[in-house]
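Each chain, written out:
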Amino acid sequence: MVAEAKKREIKEAHKRKKIMKERFKQEESIASAMVIWINEILPNWEVMRSTRRVRELWWQGLPPSVRGKVWSLAVGNELNITPELYEIFLSRAKERWKSFSETSSENDVEGVSVADREASLELIKLDISRTFPSLYIFQKGGPYHDVLHSILGAYTCYRPDVGYVQGMSFIAAVLILNLEEADAFIAFANLLNKPCQLAFFRVDHSMMLKYFATFEVFFEENLSKLFLHFKSYSLTPDIYLIDWIFTLYSKSLPLDLACRVWDVFCRDGEEFLFRTGLGILRLYEDILLQMDFIHIAQFLTKLPEDITSEKLFSCIAAIQMQNSTKKWTQVFSSVMKDIKEGDKNNSPALKS
Amino acid sequence: MAQVNGVPRPGAAPGQPCIFKLVLLGSGSVGKSSLALRYVKNDFKSILPTVGCAFFTKVVDLGAACLKFEIWDTAGQEKYHSVCRLYFRGANAALLVYDITRKDSFCKAQQWLKDLEEELHPGEVVVMLVGNKTDLEEEREVTFEEGKEFAESKGLLFMETSAKCNYQVADVFNAVARELSWREESKEGQRQRRDAPLTLSERPSWRGRCCAH
């Protein structure tokens, strides 16, 4: 008995030592990666960003100290937003908040009913307190409460055509955690201006369906057994993808893991969001195959909290985003074409 | 785009509890997810805004009968409206939730009813109007009578609740469960009275009566 216990103890100690060693190794590699990013890659961004070496390093995860900078560079600033422009929209938002608290009834000004706008401002306020509540930094009185409020408010003034959509507060919050206020706004506005994000945040149904259809092509090719299982329950991807894509996984995955997904999303674009989705399905394939409709839906909209980046990323890596001969973008454009032709023929199958 | 056909219909498997799909509808932040969480897990906490749809299950023991709810908790924001519409297909029951401190959410609930009626045949779905947040009595904008009157005029069940204080939350779901179970029974022509607490004379009537206290 004593010998057994002793043996166990030694084994435990070995295990602990191994974990420590791994952690140390990890920290060391982050530190050395940081040096490479700061000294070599960032000063030569345009030349180096698509080299094989940088892409590989990028896949390993960005060191937190350069994360925001790399995200900003990768997302770009197609909209040419300057910090001054942000200040202008922010002051507009502030005026609006003030006028709402002073006069509750006002005439319709810009074609959007006052009630709707007020509801949207109200909703921002409510959602801010519900954004990463466990971190206690975005709630009223928390250090980032006002910044989150400002960015969302300024955005609704900048893009009244999109407005505030639930899920946005999570994206803005993740950016705020990695960037200065004005830079966070610039990245936020540009990120939301990407075709995929714009389709989702405008709740453009037909476009969303095209993304789902493209996703299903790769789903079937990579995980055919699970694909059939889902089909047998008529479980369509919108059930789980809406939440994942809208919030860029920031609500569904642990925050550090979500940031790693964002890293590669910034490198590879929208296709990586869908690849991550397939990675999650692959990771839990065995469990999901045992479940029925409601349990799958429940599981995927509330993923286990102990999901680790090593496991998830090895599953994502195993997902092929090359359908026989076509890549994501090619499959997507052929889906677009099919649907267009289908519309012409009045195909009822596509009308749902 | 949402699935419709895959949900097992009531009475699908003999010996198993009947499965009913219940959708939670209503404006953002009225407490749909809180009601579900309180009912399913008897918990109340700050809940992240629902994006798309969240899902819960719960088995209800009605004494004589046993049924299982599949709860579809939809996103409340107006923008998600078109997406959520797809989720109430195939529903057996719907809770139209509003916040008693927000008149606009009450109007919105009425709008949801119209949408429901467009999508589903009247009488096919058990609908209950639920005024949530009675713990905020001093901020009340919608009176109990207003809610009750509207529910009666449309033949809906009606109750006020507080997910925070756990006031009448289980009662809401139980009333819906009883109604569903009664309808199933009458459908199958088993109208005879049973020894269970659920009898015809006791059940809250579907049309025109309010089961709230």
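Read on for a plain summary of the structure. Small disclaimer: the values here were computed from a predicted structure and weren't measured.

Residue and element names in this part refer to chain B. Using the criterion set out here, one finds 21 salt bridges over all chains in the structure. Among the salt bridges present, the one from E179 reaches R183, with a minimum N-O distance of 3.4 Å. Taken together, the residues E179 and R183, both in helix 5 (residues 169-187) and four residues apart, mark about one turn of the helix. When its relative accessible area of 1% is taken as the criterion, E179 is described as buried. Within this structure, R85, R89, D115, E118 and E119 form a network of salt bridges that share partners.

All names here are of chain A. Residues L135, Y144 and L177 make up a contiguous nonpolar surface patch of about 220 Å² in total accessible area. Residue placement: L135 occurs in the loop between helix 6 (114-128) and helix 7 (145-158). L135 sits in the partly exposed class, given a relative accessible area of 36%.

The extent of an interface is frequently quoted as the accessible surface area lost upon association of the parts. At the junction of the two partners, chain A supplies 36 residues and chain B supplies 30 residues. Between chain A and chain B, roughly 2,900 Å² of surface is buried when both sides are summed, and carbon and sulfur atoms account for 63% of that area. When the buried area of chain A at its contact with chain B is split by residue, R130, Q166 and I294 of chain A rank highest and sum to 20% of it. Run the count over chain A and chain B and you get zero salt bridges. Mapped onto the side of chain A that touches chain B, the elements with two or more residues apiece are helix 6, helix 11 (205-222), helix 13 (238-246) and helix 17 (293-301) of chain A. The biggest single contributor to the side of chain A that touches chain B is helix 17 of chain A, with six residues. Across the side of chain A that touches chain B, the residue classes break down as 19 nonpolar, twelve polar and five charged.

Turning our eyes to something else, we now look at the packing of helix 14 (residues 255-268) of chain A against helix 18 (residues 309-317) of chain A. Residue and element names in this part refer to chain A. Relative orientation of the contacting elements helix 14 and helix 18 amounts to 30°, with a least axis distance of 10 Å. Taken together, helix 14 and helix 18 sit at an angle that is classed as roughly parallel. The two elements helix 14 and helix 18 cross, and the hand of that crossing is right-handed. On helix 18, the residues that touch L257, R260, V261 and V264 of helix 14 are S309, L312 and F313. In the contact of helix 14 with helix 18, the residues fall into five nonpolar, one polar and one charged.

Attention now moves to the layout of surface pockets. Approximately 1,100 Å³ is the volume found for the second largest pocket. The wall of the second largest pocket is formed by 35 residues, among which K251, T301, K302 and E305 of chain A together with L48 of chain B lie closest to the centre. Listing elements by their share of the lining of the second largest pocket, those giving two or more residues are helix 17 of chain A together with helix 1 (32-41) and strand 2 (53-61) of chain B. For the lining of the second largest pocket, the element with the most residues is strand 2 of chain B, which contributes five residues. In terms of residue class, the lining of the second largest pocket is built from 19 nonpolar, nine polar and seven charged.

Residue and element names in this part refer to chain A. A full pass over the atoms with the stated rule returns two cavities of 30 Å³ or more. Reported here for the second largest cavity is a volume of approximately 40 Å³. Together, W71, V75, L175, A187, L191, W262 and C266 line the second largest cavity. Taken together, the elements giving at least two residues each to the lining of the second largest cavity come down to helix 4 (64-75), helix 9 (181-191) and helix 14. Grouping the constituent residues of the lining of the second largest cavity by class yields seven nonpolar, no polar and no charged.

This next bit is on the sheet that holds strand 1 (residues 18-26) of chain B. Residue and element names in this part refer to chain B. Ordered in space as 2-3-1-4-5-6, the six strands form an open sheet in which the pairing is mixed. At either margin of the open sheet sits one strand with a lone partner, and together these are strand 2 and strand 6 (157-160). Recorded for the sheet is a direction-independent mean angle of 20° between the axes of neighbouring strands. When strand 1 meets strand 3 (residues 66-74), the two strands line up parallel, connected through seven bridges.

Here is what the cut-offs are and how they apply
- Residues numbered from 1 in each chain as written.
- Chains lettered and ligands numbered in written order.
- Predicted model: local features only at pLDDT ≥ 70, side-chain atom pairs only at ≥ 80, totals over all residues.
- Heavy atoms only, no water.
- Salt bridge = Lys/Arg side-chain N within 4 Å of Asp/Glu carboxyl O.
- Helix = DSSP H or I, 4+ residues; strand = E, 2+ residues; numbered from the N terminus.
- Buried < 20%, exposed > 50% of the residue type's maximum accessible area, 1.4 Å probe, protein only.
- Patch = residues over 30% accessible without salt bridge, like charges linked within 9 Å, V, L, I, M, F, W, Y side chains within 5 Å.
- Areas by Shrake-Rupley, 256 points an atom, 1.4 Å probe, with all protein chains shown as cover.
- Contact = heavy atoms within 4.5 Å.
- Buried area = accessible area lost by both parts, 1.4 Å probe.
- Nonpolar A, V, L, I, M, F, W, Y, C, P; charged D, E, K, R; others polar.
- Axes fitted to C-alpha atoms, helices over the stretch in contact; angles between N-to-C directions.
- Parallel < 35°, antiparallel > 145°, perpendicular 65-115°, else oblique.
- Left-handed = near helix turned anticlockwise from the far one by under 90°.
- 1 Å grid on protein atoms, 1.4 Å probe; cavity = no way out; pocket = protein on both sides within 12 Å on 5 of 7 lines; lining within 4 Å.
- Points joined across faces, edges and corners; volume = space filled by probe spheres on them.
- Pairing = 2+ DSSP bridges.

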